[in-house]
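Each chain, letter by letter, is given below.
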Amino acid sequence: MAESSPTKHRVARRQSMELDTNLTSSSGPLNEELQCSVCLDVFTDPVTVPCGHNFCKSCLNQCWDKSETCCCPLCKETFSKRPDLKINTALRQVIQLFKEKFCLKKSDVLCDICDEKKLKALKSCLICQSSYCETHLEPHQRVPRLKKHKLINAVENLEDYLCQKHERPLELFCRDDQTCVCLSCTDGDHKTHNTVPLEEESEEKKMQVTKIQTDVQQMIQERMKKIQDIKHSAELRKQITEKEKEESAELLMAMIRSIERCQTELLEMMEQKQKAAEKQEEKLILELQQEIAELKLRNTELEQLSHTEDHLHFLQIYPSLCSPFNIKEWPDINVNTPVSLNTLRTTLIQLQQTLDETEFKRMHLYAVDVTLDPDTANPELILSDDGKQVSHGDTKRNVPDNPERFDYCSFVLGKEGFSSGRFYFEVQVTNKTGWNLGVARESVIRKGDITLSPRNGYWTIWLRNGNEYEALANPSGLLSLRVKPQKVGVFVDYEEGLVSFFDVESKSHIYSFTGQTFTEKLYPYFCPFQNKDGKNSAPLIISPVNYNK
């Protein structure tokens, strides 16, 4: 028989008393913070009065309705005007979470047949709507008629296991409507629907839970890795900042007094960006930690769900736990370098067109050893054995047509790629009437005719017809040079988005691509142009950087 209404009230009251007992017996500040000093019960709609004490909203209103003055029932502070009570939503959420925590602890289900001392029930009968201890369960294991009844592990909410329409046990799952049904339902609204036993659907869903668990664990690991990346990025950024400060002081001390103002502005910008970067990193770490906590909680719930034998409970809670994850797509973590000295360098270029001795030597600190990559070289190009020289030949060489090779344009890339920081290399262009130098991103198109521009992944300048220098920007622009460079220096600041070209001999600036955004590896790029019947046969030579020059 179904559990009577008084019995339900007794169960609810018992659970409430258990919660109150747990609260009363708990140590620490929770005992005081979560109980109203008026009703001595857990807060209901808690409100905070101006003196800082908390009460149930109804308790406080009753106190004030019975008194001519409005004062705090705890500290007796009197208020000249009756405060407008607003529910403390944060405290209410804490109370709700605390209640849910205790409600999740299932109390023992007691036998409905025992007269005096109630024993713990072993099974519940969905037909009889009663729970039985080991002794009173015996008839269901012996009497043929009772042996046909549906027994489940002991539960208190037996009515939840019955069809509300037909009052028969929920034994099937309708896949069309995604709900649990009884046998009678299959003769009515679900007659033509796809229904399967609860056990079958439960097992299938558990397999899905296992997969989701794997995904959750992977997301946890990814976010923990992301936190490590942020911390590593922060440490690297701090090191770069210290180095930048030292170099900034050395560089600015060598400048004329008219540009001393740039030092103060630069240092202020560096500190501001440093603080902004630290704040952003702390925010990202906090967000990732919060997502990890949520995912761990979801993983724990899924772990408990995957082992439950209560098929109905499993299928009822499954949709909420296995719903799509509302998570944020996290970007890759890169070192966000503080304000670079190249910001200062750009200002100096506007103020004066030549670099002084200190600045030019500082740029040499980022020199790298570049070697030509034969797998990328156009078949008409001739590379030296040491990979330091390239010239244009008259005929095509018989080389493999691999995906990395330029098959139409006379291009070749360096072997070394760079995805962060700064790098610098020098190329000798003596006795050439045409050449093309710069950097290219890793994913550039390498087959067929190619248009050189930053949009297509090339940051280059060239010489044509012996005296026409041009920066291949958007749009391209002719360059006016005082002297013909014999050796060209190429400097790249990845985080700053800067690619600069210099005349090494005169220590003068040629051109800079500024404000660029790099998202993949950059490779040194070389094109010697066609030899023009020997007129442009001289090779491009990657030269070692002379630090003392």
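Rules used throughout
Residues numbered from 1 in each chain as written. Predicted model: local features only at pLDDT ≥ 70, side-chain atom pairs only at ≥ 80, totals over all residues. Heavy atoms only, no water. Helix = DSSP H or I, 4+ residues; strand = E, 2+ residues; numbered from the N terminus. Buried < 20%, exposed > 50% of the residue type's maximum accessible area, 1.4 Å probe, protein only. Contact = heavy atoms within 4.5 Å. Areas by Shrake-Rupley, 256 points an atom, 1.4 Å probe, with all protein chains shown as cover. Salt bridge = Lys/Arg side-chain N within 4 Å of Asp/Glu carboxyl O. Core = buried A, V, L, I, M, F, W, Y, C linked by side-chain atoms within 4.5 Å. Phe/Tyr/Trp six-rings, centres within 6.5 Å; stacked < 30°, edge-to-face > 60°. Pairing = 2+ DSSP bridges. Polar contact = N/O pair within 3.5 Å; in protein donor to acceptor, adjacent residues only side chain to side chain. Axes fitted to C-alpha atoms, helices over the stretch in contact; angles between N-to-C directions. Arc of directions from axis to C-beta.

K.L.:
Sorry, what's going on with the overall build of the protein chain here?
P.N.:
Helix and strand counts for the protein chain stand at 11 helices and 23 strands. By the burial criterion, 42% of the 549 residues in the protein chain qualify as buried. Long-range contacts, defined here as pairs at least 24 residues apart, represent 62% of the contacts in the protein chain between residues at least 6 apart. Of the roughly 31,100 Å² that the protein chain leaves accessible, carbon and sulfur atoms contribute 50%.

K.L.:
I keep staring at the pattern of salt bridges and nothing clicks. Help me out?
P.N.:
Proximity of charged atoms lets side chains of opposite charge pair with each other. A complete count under the given rule lists 20 salt bridges for this structure. For R82, the salt bridge identified is with D65, shortest N-O distance 3.2 Å. In this pair, R82 is assigned in the loop between strand 4 (78-79) and helix 4 (89-103) and D65 in helix 3 (residues 57-65), connecting sequence segments 17 residues apart. Take D65: its relative accessible area is 55%, and that puts it in the exposed class. One salt bridge in this structure joins R223 and E291, with 2.5 Å as the shortest N-O distance.

K.L.:
Any chance you could explain the nonpolar core here in plain terms?
P.N.:
Nonpolar side chains tend to gather and get buried jointly when the protein is soluble and globular. Judged by nonpolar contacts, the single largest core of 37 residues is most densely connected at C180, V209, V216 and L302. Looking at this core, the elements that each hand over two or more residues are strand 8 (172-174), strand 9 (179-181), helix 7 (198-253), helix 8 (261-306) and helix 9 (311-321). It is helix 7 that provides the largest number of residues to this core, a total of eight residues. If sequence neighbours within four positions are ignored, V209 has contacts with L302, L305, S306, F314, Y318 and C322.

K.L.:
Can you walk me through the packing of aromatic side chains in this structure?
P.N.:
Two aromatic rings, taken as a pair, are described by how far apart their centres are and by the angle between their planes. Going through the model one piece at a time under the given rule, you end up with 14 aromatic pairs. Judged by centre distance (5.9 Å) and plane angle (55°), the rings of F425 and F526 are tilted. Separated by 101 residues along the polypeptide, F425 in strand 14 (residues 422-428) and F526 in strand 22 (residues 522-527) bring together distant segments of the chain. The exposure classification of F425 matches that of F526, with both residues buried. For the pair Y458 and Y525, a centre-to-centre distance of 5.6 Å together with 75° between the ring planes defines the contact as edge-to-face. Here Y525 lies in strand 22 and Y458 lies in strand 16 (residues 458-464), a separation of 67 residues in the sequence. Given a relative accessible area of 1%, Y458 falls into the buried group. Among the aromatic residues, ring-to-ring pairing joins F406, F411, Y458 and Y525 into one connected group.

K.L.:
Which parts of the structure should I look at to understand the pairing of strand 17 (residues 468-471)?
P.N.:
Looking along a regular strand, one sees the side chains alternate between the two faces of the sheet. Pairing between strand 16 and strand 17: four bridges, direction antiparallel. Residue I461 lies in a different strand from strand 17, and its bridge partner there is A471. By the bridge criterion, three bridges tie strand 17 to strand 18 (residues 477-479) in an arrangement that is antiparallel. Across the sheet, Y469 pairs through a bridge with L479, a residue of strand 18.

K.L.:
Sorry if this is basic, but what is going on with the side chain of H509 here?
P.N.:
With respect to the helices and strands, H509 occurs in strand 21 (residues 508-513). Of the polar contacts made by the side chain of H509, one reaches the backbone oxygen of Y511; its length is 3.5 Å. Of note is the side chain of H509, whose polar atom sits 2.7 Å from the side chain of S512.

K.L.:
Help me out: how do you make sense of the sheet that holds strand 16 in this one?
P.N.:
The strands that make up a sheet are held in pairs by hydrogen bonds between backbone atoms, and each pair lies either parallel or antiparallel. Ordered in space as 13-22-15-16-17-18, the six strands form an open sheet in which the pairing is antiparallel. Edge strands, defined here as strands with exactly one partner in the open sheet, are strand 13 (412-413) and strand 18. With six bridges joining them, strand 15 (residues 435-441) and strand 22 adopt antiparallel strand pairing. Opposite L437, over in strand 22, you have F526 as the bridge partner.

K.L.:
Sorry if this is basic, but what is going on with the sheet that holds strand 19 (residues 487-493) here?
P.N.:
The strand order 11-12-23-14-19-20-21 describes an open sheet built from seven strands, whose pairing is antiparallel. For this open sheet the edge positions go to strand 11 (381-383) and strand 21, each flanked by a neighbour on one side alone. Pairwise comparison of adjacent strand axes, ignoring direction, gives a mean angle of 25° for this sheet. Looking at chain direction, strand 14 and strand 19 are connected through seven bridges and run antiparallel. Directly across from Y424, in strand 19, lies its bridge partner F491.

K.L.:
Got a minute to help me understand the pairing of strand 20 (residues 498-503) in this structure?
P.N.:
The element strand 20 is extensively covered by neighbouring structure, given that six of its six residues are classed as buried. With burial as the criterion, each face of strand 20 is covered, one bearing L498, S500 and F502 and the other bearing V499, F501 and D503. Sheet analysis places strand 19 next to strand 20, joined by six bridges and oriented antiparallel. Looking at strand 20, one finds that F491 is bridged to S500.

K.L.:
Help me out: how do you make sense of unusual backbone geometry in this one?
P.N.:
Peptide bonds are mostly trans, and most non-glycine residues show a negative phi. At the junction of N474 and P475, the peptide bond is cis and its omega measures out at 0° in the coordinates. Following the sequence through the fold, P475 ends up in the loop between strand 17 and strand 18. Phi at D45 takes a positive value of approximately 50°, unusual for a residue other than glycine. Along the chain, D45 falls in the loop between helix 2 (30-33) and strand 1 (46-48). Overall, D45 belongs to the partly exposed group, its relative accessible area being 34%. Here the phi dihedral of F529 falls at roughly 65°; this positive angle occurs in a residue that is not glycine. Checked against the element boundaries, F529 lands in the loop between strand 22 and strand 23 (540-543).

K.L.:
What's the story with helix 3 in this structure? I'm lost.
P.N.:
Helical periodicity: at 3.6 residues per turn, an α-helix aligns residues three or four positions apart in one direction. Within helix 3 the residues assigned to the buried category are C59, L60 and W64. Summarising the axial view, the buried residues of helix 3 lie within an arc of 125°, below the 170-degree limit, and thus occupy one face. Buried-residue contacts for helix 3 involve strand 1, strand 2 (54-56), strand 3 (70-71) and strand 4.

K.L.:
For this particular structure, what's the right way to read the environment of P475?
P.N.:
We classify P475 as exposed; its relative accessible area is 70%. Distance from P475 to S453, taken between C-alpha atoms, is 8.6 Å for residues 22 residues apart in sequence.

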